[in-house]
Structure formats: C-alpha cells, structure tokens
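One-letter residues, chain by chain:
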Amino acid sequence: MYFRVLVQSRPMVPEKDIALYGYGSVAWKDRMEEWKKRQSGKLQVIKHQGDIDGGDLDGNELDADLPMMDEGRQPLSRKLPIASSKISPYRLIIILRLVVLGFFFHYRVLHPVHDAFGLWLTSVICEIWFAVSWIFDQFPKWYPIERETYLDRLSLRYEREGRPSELADIDVFVSTVDPMKEPPLITANTVLSILAVDYPVDKVACYVSDDGAAMLTFEALSETSEFARKWVPFCKKFNIEPRAPEWYFSEKMDYLKNKVHPAFVRERRAMKREYEEFKVRINRLVATAQKVPEEGWTMQDGTPWPGNNVRDHPGMIQVFLGHDGVCDVEGNELPRLVYVSREKRPGFEHHKKAGAMNALVRVSAVLSNAPFLLNVDCDHYINNSKALREAMCFMMDPTSGKKVCYVQFPQRFDGIDRHDRYSNRNVVFFDINMKGLDGLQGPIYVGTGCIFRRQALYGYDAPVKKKPPSKTCNCWPKWCCSYCGSRKNKKGKTKKDKKKKVKHREASKQIFALETIEEGIEETNSENPSRVSQEKLEKKFGQSPVFVASTLLEDGGVPKAASSTTFLEEAVHVISCGYEDKTEWGKEVGWIYGSVTEDILTGFKMHCHGWRSVYCIPKRPAFKGSAPINLSDRLHQVLRWALGSVEIFFSKHCPIWYGYGGGLKSLERFSYINSVVYPWTSIPLIVYCTLPAICLLTGKFIVPEISNYASIIFIALFISIAATGILEMQWGGVGIDDWWRNEQFWVIGGVSSHFFALFQGLLKVLAGVNTNFTVTSKGGDDGEFSELYIFKWTSLLIPPTTLLIINVVGVVVGVADAINNGYDSWGPLFGKLLFAVWVILHLYPFLKGLFGKQEKIPTVIIIWSILLASILTLLWVRINPFVSRDGPVLEICGLNCDD
C-alpha cells in the first residue's frame, strides 16, 4: 500500500515576530484586532498648506508672505537656448539637405536604369520612404533647449525658517511582477533610495505594486522597512550619494571625500555590516521561495497567504511604515511605505502594467492623495537625492508650473560596458531628440523616472492662459472704445468657443464641495453637487465617493476627520477587479490601455489636452537603472517597444488621425507619428540592405552610369548627412562613438526586432493571433560584463545573419568576377562594393555578438541563415543569370588541341 504524505503549509519566516508586519488588509487573526484598539486616534495626514498653484500663469500674483529678498521672488527655473553659433548652422544645414534631397530625387526619377528597372524602382521607393522618415525625425529637433533649476530659490519660497515646509506632497510608485525575474534585492534598493530622499518625510509616500502577489516580495518589503530604520538616518546624517546601499558600497571612489564628521568611518563600517546581514536575510528568503509548499504559503498566524493563486486572489494592502509608533533608530518619522497587490480574478482583463499603475493612482488618492506622482521601475533607483526638488522647480514655478503635466528625467544605466556595443544607453535619443522636443511641447513619456501632476492623469484639460486686456486708442472717447470692443468681442465668440469654455470649466475647476467622510460617506447639505453631476463623475472615475471626492482637490490632501479603517476599506475597494468597468479608466483617465507601450499613449493623451511636459537633466543623474546588455535580450526589448508602436498605429489613438483640434502642436505630432511609424521602416530597410548583394550577384546596379552632375549631388547629400550628425553631436553633447553605435543599432534593430514586431502586430490586429518569440538561454561566462557574452537563441537573429552572409557572398562574387573580367570592370564594381560595405559595417556589432567570447556561431543560426541566403541567391541567379539567355557564347580560341 502507498500512503500519500501531505506536505504541511508553513510560513516563509517562522521565527519572525508578527508585530513587525505593520497593519493592512491581509487577514491576520489577532493582529487586526490589536491594531484597531491601538488606532484609537486618527491616521495622521499632513495636508499641503502652501500655495502650490504658484499664482496665475502670467506671474502677476505672488504670495504676500514671501521673503522680501529678490532671490525668493525669482523664477525657480529658466530655459537655456542652444547658442546661435551652434543652432543656426544646424538649421541651415537642414534646409540645404532638403534642397539637396529635392535635386537627388529629381535625378533619380528622371534617370531610370532600363536594364535593371525593377532594382531601380525598388531602390527609389525605399529612398523616398527614408526621406519621409527623416523629415518626421528631424524637424521635431528644430528648437532644442536646455534648462536650469534653482534649488535655493525653491527653499526660500516654500521652506521658510520657523514654519512648516510648504513643498508639495509626492506619492512614489514602484512596480514589480515576478521576484524571480526582478530580484527582491534590486527592488529593496530602489525602495530604500526613495525612503532616504532629500525631501520632507511627511510629504513622501512610497507605494510598491506587486502584480504577482508574491509572498517573497511581501516578506522582502517587510525586511526592507526594518533596515530602512537604520539606513535612512545614516544617509541624511552624512549626506551620502547615491542612497541605494548596493551601489553606494560598490562605488569605486574615495568615500572620505568632503566627509568631516569624526564618526563617519566607524558608522559607515557598521552600516556596511548591517547591509551585508540584510542581504543575507533577503537571499535566504529567495532560497526559501524556490520550493513552494504543495498547500502554498501561510502567514504568521496560520492563515493561507491570499496570493497563493496568482491569477485568483483578493486585493491586499499593507502599510509597513508611516503609521503611529514606527520611527527610525533616532526617533524621527519615516516616509510612508505601502504594499499593494490588486485583486485578480479569472475572466477579467487586468491590462498588465498600465492596470497596475492605475490601481496605484486610486489607492494613493484614498490614502495620501499627493498632487504629484513619481513612477519608477523596480530596478531604477534614485541616484540624486534632490531629484524630487529638481522636479518641483518646474511643477511649483509661479509663472509656468500650472501648465506642466509631467517632468521627465533621462534614463541612465549602470553595468554597461564602456563600448556600449548595442547602444543600450540610447544617448542620442535622450540627449538630442528629447532636448529638441523640450523646445516644442515637451518630451514624450518614457515609462519611468517621471513626475506627474495628478490632475493631468485624471484627464483634465490644461488651464487656459489668460489673455491681456485689449488696448484702447486715444483718438476716441473711452466709452466709445469700450462699446465697440464689447460688440466686437460678442461677435467674435462662436458657439464652438463657448462650448469649449464650458467644457474646460467642467473639467478643470472644483464644482463640488468635498463630502465629509466619517464612519462612511455622508452627504453634505445644500452645497452638494447635483445628482446628475455626481453620476457623471462616478461614470468617469468609478463607484467610490471617497476617490471621486479626492479628484476634486487640485492641491491634494485627504480629510482629517476620517479614520484609517475607513480609508483602508475604501482603498481595497478601488483595486477590485470590476471597479474600472463602465468607467473611463484606461480610455481618458490614468495610464491609457491598448498597447504594451502604455507610456507613449499616456503622454500623447496629455499633450492632446493642451498640457506641456518638461525635460530635466540634473548635473548628477536623477535615476539610474539596469539594462539588458547581451544581444538577444536587447533585441527582445526593442521588439516589445516596436510591437507597442504597431498596436498604437492600428488603434484609434494613432497620432496620424487622432487629437486634431486639441492642444497638440504640429511638430510635436510629427514626433509622435515618428514614434509609431518607425517599425514600418523595417520593410524598406531589409530590402535596401539586400540590394547590394543582388547588384553584385547579377552585375546590375540601381543607378545608371554616374555623370559629373550626379556625382556633385551624391557628394553634397553625403556631406549634408555628415554635417547634420556632427552639429547634432555638438549641441547635444554626444560623442561620436555613441552616435555611430546608435546608427549601427538602428540598422540591426530595424532588420530584426522591428520587422518581427510588424509581423506580430499585423497578426494580432488583423487575425487576433498572439505570437511570442521566446528567448532561451544557451550559456554564459563569469566575470565583469559576463552577461554581454551570454548567447540566447531567438528567431530575431535570423534576418541580420542572412543579410550579413549574402552581402559577404556578394562581395566575394563581385571581386572574383572583376578579377576575371579585367581592369575595366573595377570601375562599375566600386559603387556596388561601397554599398555592400555600408551594410556590413552597420551589422558589425551584430556579428561580434554572434561570435561572443567563444568565437563561434551556434549551428542553428548558421543553418537557417545559409538556407535563406542560398534560396535568395539561387532565385536571383535564376531570374537574371550571369550568362545570356541564349546560352553560353562559344568562340574559337585558335589553338589546335590535337597537337
């Protein structure tokens, strides 16, 4: 007989004291009862008391209590236009390049190649597409600017001596899903850098979204909250940077520089030991989580962990820090730290990261309701402790802050090799393209390192700038001018203007009085909104009176009259699965659904509402993260981005036809069009990279015999392209290595990831088929940047490898044919060889990635690529062989072979 041995459920950390977990909605038996008794007082909520509106947009109204010093009245930031000695030649070159392009296409169209008409026509179509794509990419960089912030002025204005800080509250969002793919230690470092940020502690709240409902993440966050009680005071006492311990202790620098405190060395050594013990505890949690019990995990009181079933579990909220009685080791208050895992049920669409971010928006609105939100990925820690203050210099600026929807910081990365073989740093985009957009309506949202205005996320329109009163003349009496002016204004107001004004008033102003919240939601008296307006708001934001009331508070804050239990119950309600049904969440409110790149859509919708964004580049990078540095992972990342662009292209939010008549500027639209159209460039790019090999194999070329006129046009075009790049590098501060790596990876990504994303997007949109290109690890190596040499098989590697092989074969065949045919054949061969070498040079990093350290290409890639190259080669030889169609020409050589 066989007996089945049942595996008993058990806690992940049996010896841990249950009191260390704080309070929350998780079903603790005794903990919740003790917490309710202890929480006889009300949840302390610090409401922002200052004027974060910053006055009117024209800056005419300033606080009467401001310091009389001129410094306190000055703007908190300013634009720094690019020097005219750099930008004027740049714009001139762009115009000249347009002119040269006109002459180039005039020549190309009027001089077809009759004996290779197909090749000529194909090349011309590809070149026209490249020219249009260049226009969409180039002209949004017409007005590049830089910005400068004044942190001292921010302190003078909002942190007056002897008075509470009037800086605005900020809610920080950290998103994670799978702790096995996103190590808990990395997430813990990000959270620690947030809790130790240089900002008033009562004005910072950190919300961690665990979309995988993993007990490992929950326990790791509990350990992080304990270690934060020691780490946060250490950071602020000695003013260290960065405030993520993993990167602080691993920095290769003189950590004694500018340190004068006599106890620093001793306390640093002790803190490093504390951190190493903290790492061991986290590693033990990870090791324990490798083997999940058959019955799932249990909590300290014996109840099952609610997230044992990842796809079917209730919503969970746990407040680790920020409640009464929890302070750091020096007795100081700590920022709030909240664990959030939204409800998951089968049959509901959860919208991945965008849905998780919208759940955090609602939870934070109920618990803290800060007017500004910062979102970071779990692997992007705060590298500059003053990053929040940098953003507030724009958001709280008295002259222009009210129209800013978000402040975007550039992404900077750790752990990338010096040569940046696959352009992981993306320096050209962050230091050239984004500066150009900042001079228009602002940079696009890139998914992390961005501080939002909460009201902009709610789908409200940007405030309308007040027009100055019209001037009157002195030649007529004032009453006459007033009469004529009033008649003119009345006639000038159309129905459309009135409708727009009413709509804006409904969207942007508080039309309701905040309902009092105590032991539930009670209706107020005569100042309550009408039933129709209340239903309209609930249809937009959902069935939560607490949350709906919070959306009307432009300055943020929560009512002090309510108990923490009421807030917690309401917070659990707003993260339920069905809350977003029949509302505008994901359509007009919050992060927008419909694409895996929800960041582009979200920023695009805000710009369509008339908001502008700001690009902030502090001297010390605000955030740093990690990036995939091996070839396969990098291509897979680019595939995801390109797939999101394809999804947007086929959606109703495509910038080609959406948002006209709103607040989106024309050149800003160009940028958004370019961001969703670029995957389509993969088709002409693949064709164009194939043409050199075809020309070398068939003996034909895409241009006729070049005349002097044509030579001048081609040389002028090449010079204008090079000059544009050089001038962009000059005003953008980008090195030639970064620029060249970006050009190379544009080709590598275009012929692989972008093409597969286009194919996958077409299948998904037109046929409803989801196709995933999986990446499987095949081996690796140890040592610094060892991940760079890890090879992972993926289908994305086949097209570029094929292009490399056929172009190399074409070069060999072309050179061999020229050697056989004599000196006269080298002239026509030169242009074809130059064309093929151009392709090979752009694919060279890809070739190095294939060889890696082992200096060999996997067999599967060689087989597939040679097969495709052979098919293409035989096909073109069959269509247009080297020999004449009548067969080989036989001539008498004059030699007598019989002798």
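Reading guide: rules and limits
- Residues numbered from 1 in each chain as written.
- Predicted model: local features only at pLDDT ≥ 70, side-chain atom pairs only at ≥ 80, totals over all residues.
- Heavy atoms only, no water.
- UniProt positions renumbered as here; feature names shortened; annotations may be inferred.
- Helix = DSSP H or I, 4+ residues; strand = E, 2+ residues; numbered from the N terminus.
- Buried < 20%, exposed > 50% of the residue type's maximum accessible area, 1.4 Å probe, protein only.
- Contact = heavy atoms within 4.5 Å.
- Areas by Shrake-Rupley, 256 points an atom, 1.4 Å probe, with all protein chains shown as cover.
- Pairing = 2+ DSSP bridges.
- Right-handed = clockwise from strand over helix to strand, strands pointing away.
- Core = buried A, V, L, I, M, F, W, Y, C linked by side-chain atoms within 4.5 Å.
- Expected span 1.5 Å × (residues − 1).
- Phe/Tyr/Trp six-rings, centres within 6.5 Å; stacked < 30°, edge-to-face > 60°.
- Lys NZ or Arg CZ within 6 Å of the ring centre and 35° of its normal.
- Salt bridge = Lys/Arg side-chain N within 4 Å of Asp/Glu carboxyl O.
- Patch = residues over 30% accessible without salt bridge, like charges linked within 9 Å, V, L, I, M, F, W, Y side chains within 5 Å.
- pLDDT = per-residue confidence, 0-100.

In the nomenclature of an unreviewed UniProt entry, the protein chain corresponds to cellulose synthase (UDP-forming) from the organism Olea europaea subsp. europaea. Per UniProt, the protein chain carries the Sequence similarities (unreviewed entry) text "Belongs to the glycosyltransferase 2 family. Plant cellulose synthase subfamily." Regarding the protein chain, the UniProt comment filed under Catalytic activity (unreviewed entry) reads as follows: "[(1->4)-beta-D-glucosyl](n) + UDP-alpha-D-glucose = [(1->4)-beta-D-glucosyl](n+1) + UDP + H(+)".

A. The overall build of the protein chain, seen in detail. Counting its regular elements, the protein chain contains 29 helices and 18 strands. Counting every position in the protein chain, which comprises 899 residues, the buried fraction comes to 53%. Considering only contacts within the protein chain whose residues lie at least 6 apart along the sequence, 82% involve residues at least 24 apart. Summed over its atoms, the accessible surface of the protein chain is roughly 43200 Å², and 58% of this surface lies on carbon and sulfur atoms.

B. Local environment of the pairing of strand E5 (residues 170-176). Judged by how many residues are buried, E5 sits mostly within the fold: seven of seven residues are covered. Where burial is concerned, the two faces of E5 agree: the one with Ile170, Val172, Val174 and Thr176 and the one with Asp171, Phe173 and Ser175 are both buried. Where E5 lies against strand E6 (residues 204-210), seven bridges are found, and the strand directions are parallel. The residue of E6 that forms the bridge with Ile170 is Val204. Viewed along the sheet, the connection from E5 through helix H6 (residues 184-195) into E6 turns out right-handed. Summarising the sheet, E5 and strand E10 (residues 372-377) pair through six bridges and their orientation is parallel.

C. Region of interest: the nonpolar core. Grouped together as the largest cluster of nonpolar side chains are 76 residues, with contacts concentrated most on Trp231, Leu337, Met392, Val407 and Ile451. For Leu337, the contacting residues outside a window of four places in its chain are Val191, Leu195, Cys206, Val208, Leu221, Ser225, Gln318, Val319, Phe320 and Leu321. Ranked by size, the runner-up nonpolar core spans 67 residues in total, among them Phe139, Ala693, Leu717 and Ala723.

D. Spatial organisation of the UniProt feature "binding site: Mn(2+)" (unreviewed entry) in the protein chain. Per the UniProt record, "binding site: Mn(2+)" (unreviewed entry) is annotated on Lys353 and Asp377. Across 25 residues in sequence, these annotated residues keep their C-alpha atoms within 10.4 Å of one another, forming a single compact spot. Of note, Lys353 is situated in helix H10 (residues 352-367). Those residues in contact with Lys353 that lie beyond four places of it in its chain are Ser175, Asp377, Gly447 and Glu598. Relative accessible area serves as the criterion here: at 22%, Asp377 is assigned to the partly exposed category. Residues within four places of Asp377 in sequence aside, it is in contact with Ser175, Thr190, Lys353, Gly447 and Thr448.

E. Highlighting the UniProt feature "transmembrane region" (unreviewed entry) in the protein chain. As recorded in UniProt, the sites labelled "transmembrane region" (unreviewed entry) are residues 88-105, 117-136, 678-697, 709-727, 747-769, 790-816, 828-847 and 859-879. In the segment residues 88-105, helix accounts for 100% and strand for 0%; the C-alpha atoms at its two ends are 26 Å apart. Within residues 117-136, the helical portion is 100% and the strand portion 0%, while the C-alpha atoms at the span's ends are 29 Å from each other.

F. Examining H10 more closely. End to end, H10 covers 23 Å across 16 residues, agreeing with the expected 22 Å (1.5 Å per residue, within 8%). A positive phi of about 55 degrees marks Asn369, the residue just after H10.

G. The arrangement of the packing of aromatic side chains in detail. One pass over the structure, following the stated rule, counts 47 aromatic pairs. Aromatic side chains Tyr458 and Phe541 sit 5.5 Å apart centroid to centroid with 75 degrees between the ring planes, which places their arrangement in the edge-to-face category. Placement of Tyr458 in the loop between helix H13 (454-457) and helix H14 (478-492) and of Phe541 in helix H16 (residues 531-541) is noted, with a sequence separation of 83 residues between them. No difference in accessibility class separates Tyr458 from Phe541, as the two residues are buried. Aromatic pair Phe604 and Tyr658: ring centres 5.9 Å apart, planes at 55 degrees, arrangement tilted. Separated by 54 residues along the polypeptide, Phe604 in helix H19 (residues 598-608) and Tyr658 in the loop between helix H20 (631-649) and helix H21 (666-677) bring together distant segments of the chain. Residue class for Tyr658 comes out partly exposed when judged on its relative accessible area of 22%. An aromatic cluster of at least three residues, connected via ring pairs, comprises Phe227, Trp231, Phe234, Phe238, Tyr248, Phe249, Phe264, Tyr275 and Phe278. Cation over ring: Arg634 sits above Phe745, and NZ or CZ is 4.6 Å from the ring centre. Above the plane of the ring of Tyr660 lies Arg669, whose end atom (NZ or CZ) is 3.7 Å from the centre.

H. Summary view of the sheet that holds strand E11 (residues 381-382). One open sheet holds the three strands; their spatial order is E11-E16-E13, and the pairing between them is mixed. Bordering the open sheet on either side are E11 and strand E13 (412-414), each of which pairs with just one other strand. Pairing geometry for E13 and strand E16 (residues 623-626), over three bridges, is parallel. What sits directly across from Asp414, in E16, is Ser626.

I. Structural view of the pattern of salt bridges. Per the stated rule, a full pass over the model turns up 32 salt bridges. One salt bridge connects Arg389 with Asp198, and the closest N-O pair in it is separated by 3.9 Å. Residue Arg389 is found in helix H11 (residues 387-395), and its partner Asp198 is found in the loop between H6 and E6; the two are separated by 191 residues along the sequence. Several salt bridges share partner residues, and in doing so they unite Glu159, Asp198, Lys386 and Arg389 into one network.

J. Expanded view of a nonpolar patch on the surface. On the surface, Ile95, Val99, Phe103 and Tyr709 cluster together to form a nonpolar patch covering roughly 360 Å² of accessible area. The dominant element in the nonpolar patch, judged by the number of residues it contributes, is helix H3 (residues 84-110), at three residues. Mapped onto the fold, Ile95 is located in helix H3. Residue class for Ile95 comes out partly exposed when judged on its relative accessible area of 39%.

K. Seen up close, helix H9 (residues 264-289). Over its 26 residues, H9 runs 37 Å from end to end, which matches the ideal 38 Å to within 8%, given 1.5 Å per residue. Three or more residues of H9 are buried, namely Phe264, Arg268, Met271, Tyr275, Phe278, Ile282, Leu285 and Ala289. In this fold, the buried residues of H9 make contact with H6, helix H7 (215-238), helix H8 (245-250) and strand E7 (297-298).

L. Spatial organisation of the environment of Phe348. Secondary-structure assignment places Phe348 in the loop between strand E9 (336-341) and H10. The class for Phe348 is partly exposed, based on a relative accessible area of 36%. For the pair Phe348 and Asp581, spaced 233 residues apart in sequence, the C-alpha to C-alpha distance is 9.8 Å.

M. Structural view of the confidence of the model for the protein chain. Averaged over every residue, the pLDDT of the protein chain is 80; residues scoring 70 or more account for 75%. A low-confidence stretch, residues 1-6 (pLDDT under 50), is modelled with one contact involving residues beyond four sequence positions or located in other chains. With pLDDT under 50 throughout, residues 773-782 is counted as low confidence; its partners more than four residues away or in other chains account for 28 contacts.

N. Unusual backbone geometry, seen in detail. Following Glu241, the chain continues into Pro242 via a peptide bond in cis, with omega recorded as -10 degrees. Looking at the element boundaries, Pro242 is found in the loop between H7 and H8. Phi angles above zero are rare outside glycine, and Asn369 is one such case at about 55 degrees. Its relative accessible area of 0% is what places Asn369 among the buried residues. At Ser423, a position not held by glycine, the phi torsion is positive, near 55 degrees. For Ser423, a relative accessible area of 5% corresponds to the buried category.

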